[in-house]
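# Structural overview for review
Next come the chains, spelled out residue by residue.
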Amino acid sequence: MAALVIDGKAAAQKSGEEVRERVRFLREKGTIPCLGVILVGEDPASLSYVTAKEKALAETGMASRDLRLAADTDEATLLSHIAALNEDPAVHGILVQLPLPAHIREDRVISAIDPRKDVDGFHPVSVGNLVLGKRGFVPCTPQGVVTLLREMNIPLAGAHAVVVGRSNIVGKPLVNLLSRREINATVTLCHTGTRDLARYTLDADILIAAAGKAGLITADMIREGAAVIDVGVNRVPDPSAKKGYRLRGDVDFEGAAERASVITPVPGGVGPMTIAMLLRNVVQAAEDSE
Ligand code: NAD
């Protein structure tokens, strides 16, 4: 079987059109949705993520308030910038690009964001709302994964979804999202403490890899006909590439495509959806502020 390759870019574009409509409606009423974007330091990967997010905001008619801070910025200064953005009625969402330099406590910073502007969905209040099944911001990557699955008409209710990875930004929120009553999947969470990973992955109707380990999931770990979503983005050295590396997912794509019914590529799968869901959360924050 050769899997259908899911086009994350096309799905992201479709979502972007819906967002553009909502932005147009808000702008007619005099509101320009605006995201405050804070980047501390000059990590090249973080810089490229922030640039991509700001470009996508502009393309959908939204604004961004750009704060680039030096790598040695202290925690109190960063917190004072967040406090100012919290107070600013023209700013609807706040994004602090992670990871932060080691001398800054990430949890302090995330907790300082007004939950009404927490478009990344990392604030403890947002996490609580997700776990309780209440309305609130849902982290963008897990929301992107579910939107892609829905877009592909993959049956979710009653399906066995296996998530590999238990981070706070991907694995854990994904488990909470998929097990919500309106989605109704049966979820297994695998992590570094899991004995015999293949025993679980082989039973997955939907297999979601978010471990950050290139090629961790091989064809022999995939059930024939499963839907495979690869969240991993790993840089692997490649002397033939211009940058000296290429991006690989957590799934051995070529082998997996022989077994799966649908599969996401890396790049071009989950990545574009993550940004698309951020746009959705920003327009939502602006609508809610009305
Ligand atoms: P993380 O390092 O915080 O967490 C990885 C998790 O995977 C850990 O909980 C660990 O228990 C688990 N894990 C690691 N090795 C494992 C193994 N051999 N077997 C079973 N479990 C294992 O990473 P993260 O922030 O969740 O990101 C995961 C991957 O997804 C990374 O490659 C990251 O770059 C990528 N990512 C992509 C997007 C996107 O938009 N496409 C967004 C966020 C993260």
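Cut-off values and rules
- Residues numbered from 1 in each chain as written.
- Predicted model: local features only at pLDDT ≥ 70, side-chain atom pairs only at ≥ 80, totals over all residues.
- Heavy atoms only, no water.
- Helix = DSSP H or I, 4+ residues; strand = E, 2+ residues; numbered from the N terminus.
- Expected span 1.5 Å × (residues − 1).
- Buried < 20%, exposed > 50% of the residue type's maximum accessible area, 1.4 Å probe, protein only.
- Contact = heavy atoms within 4.5 Å.
- Near = heavy atom within 4 Å.
- Polar contact = N/O pair within 3.5 Å; in protein donor to acceptor, adjacent residues only side chain to side chain.
- Areas by Shrake-Rupley, 256 points an atom, 1.4 Å probe, with all protein chains shown as cover.
- Nonpolar A, V, L, I, M, F, W, Y, C, P; charged D, E, K, R; others polar.
- Axes fitted to C-alpha atoms, helices over the stretch in contact; angles between N-to-C directions.
- Parallel < 35°, antiparallel > 145°, perpendicular 65-115°, else oblique.
- Left-handed = near helix turned anticlockwise from the far one by under 90°.
- Salt bridge = Lys/Arg side-chain N within 4 Å of Asp/Glu carboxyl O.
- Core = buried A, V, L, I, M, F, W, Y, C linked by side-chain atoms within 4.5 Å.
- Pairing = 2+ DSSP bridges.

### Focus: helix α6 (residues 140-151)
Its 12 residues place the ends of α6 16 Å apart at the C-alpha level, agreeing with the 16 Å of an ideal helix rising 1.5 Å per residue. Regarding α6, the residues found buried are Cys-140, Thr-141, Pro-142, Gln-143, Gly-144, Val-145, Val-146, Thr-147, Leu-148 and Leu-149. Check the buried side of α6 and you find it contacts α1 (8-28), α7 (171-178), β7 (206-209), β8 (227-230) and α10 (270-288). Looking at the residues trailing α6, positive phi occurs at Asn-153, about 55 degrees.

### Brief notes about the site of the ligand
Neighbouring the ligand are 21 residues; Arg-166, Ser-167, Val-231, Val-233 and Thr-274 lie closest to it. A distance of 2.5 Å separates an oxygen atom of the ligand from a polar atom in the side chain of Ser-167. The backbone of Val-233 places a nitrogen or oxygen atom 3.0 Å from an oxygen atom of the ligand. For the ligand, the protein covers 73% of the area, taking 850 Å² as the surface of the free molecule. Ranked by residues supplied to the shell around the ligand, first place goes to α10 with 3 residues. By residue class, the composition of the shell around the ligand is 9 nonpolar, 10 polar and 2 charged.

### Structural notes on the packing of α6 against α7
Two numbers describe how α6 lies on α7: the axes approach to 8 Å, and their chain directions differ by 45 degrees. On the basis of the axis angle, α6 is oblique to α7. In terms of crossing hand, the pair formed by α6 and α7 is right-handed. On α7, the residues that touch Pro-142, Gln-143, Val-145 and Val-146 of α6 are Pro-173, Leu-174, Leu-177 and Leu-178. A per-class count over the contact of α6 with α7 returns 7 nonpolar, 1 polar and no charged.

### Some points on the pattern of salt bridges
What the rule picks out here adds up to 16 salt bridges. Between Arg-68 and Glu-54 there is a salt bridge whose closest N-O contact spans 3.2 Å. With Arg-68 in strand β3 (residues 63-69) and Glu-54 in helix α2 (residues 44-59), this pair connects stretches of sequence that are 14 residues apart. Overall, Arg-68 belongs to the partly exposed group, its relative accessible area being 41%. A salt bridge links Arg-259 to Glu-224; the nearest nitrogen and oxygen atoms lie 3.8 Å apart. Here Arg-259 is found in helix α9 (residues 253-259), whereas its partner Glu-224 is found in the loop between β7 and β8, with 35 residues between them in sequence. Take Arg-259: its relative accessible area is 26%, and that puts it in the partly exposed class. Here Glu-224 falls in the partly exposed class, since its relative accessible area comes to 47%.

### Structural notes on the nonpolar core
Judged by nonpolar contacts, the single largest core of 52 residues is most densely connected at Leu-35, Met-62, Val-145, Leu-174, Leu-178, Ile-206 and Ile-208. The element contributing the most residues to this core is α10, with 10 residues. Membership of the second largest hydrophobic core comes to 18 residues, among which are Ala-204, Val-228, Val-251 and Ala-257.

### Topic: the environment of Cys-140
Structurally, Cys-140 can be placed in helix α6. Spatially, the C-alpha atoms of Cys-140 and Leu-279 are 9.2 Å apart, while their sequence positions differ by 139 residues. The contact partners of Cys-140, leaving out residues within four places of it in the chain, are Val-119, Asp-120, Thr-274, Met-277, Leu-278 and Asn-281.

### Looking at the sheet that holds strand β4 (residues 93-96)
One open sheet holds the 3 strands; their spatial order is β3-β2-β4, and the pairing between them is parallel. Taken across any chain shown, the strands that pair with only one partner, and hence form the sheet edges, are β3 and β4. For this sheet, the mean inter-axis angle between neighbouring strands, taken without regard to orientation, is 15 degrees. Of the strand pairs in this sheet, strand β2 (residues 34-40) and β3 are connected by 7 bridges, and their pairing is parallel. From the neighbouring strand, Val-40 faces β3, where its bridge partner is Leu-69. On top of the sheet, α2 reaches β2, β3 and β4; it is set at about 160 degrees to β3, its chief contact. Strands in contact with helix α3 (residues 75-87) are β2, β3 and β4; relative to β2, the strand with the most contacts, it is inclined by about 175 degrees.

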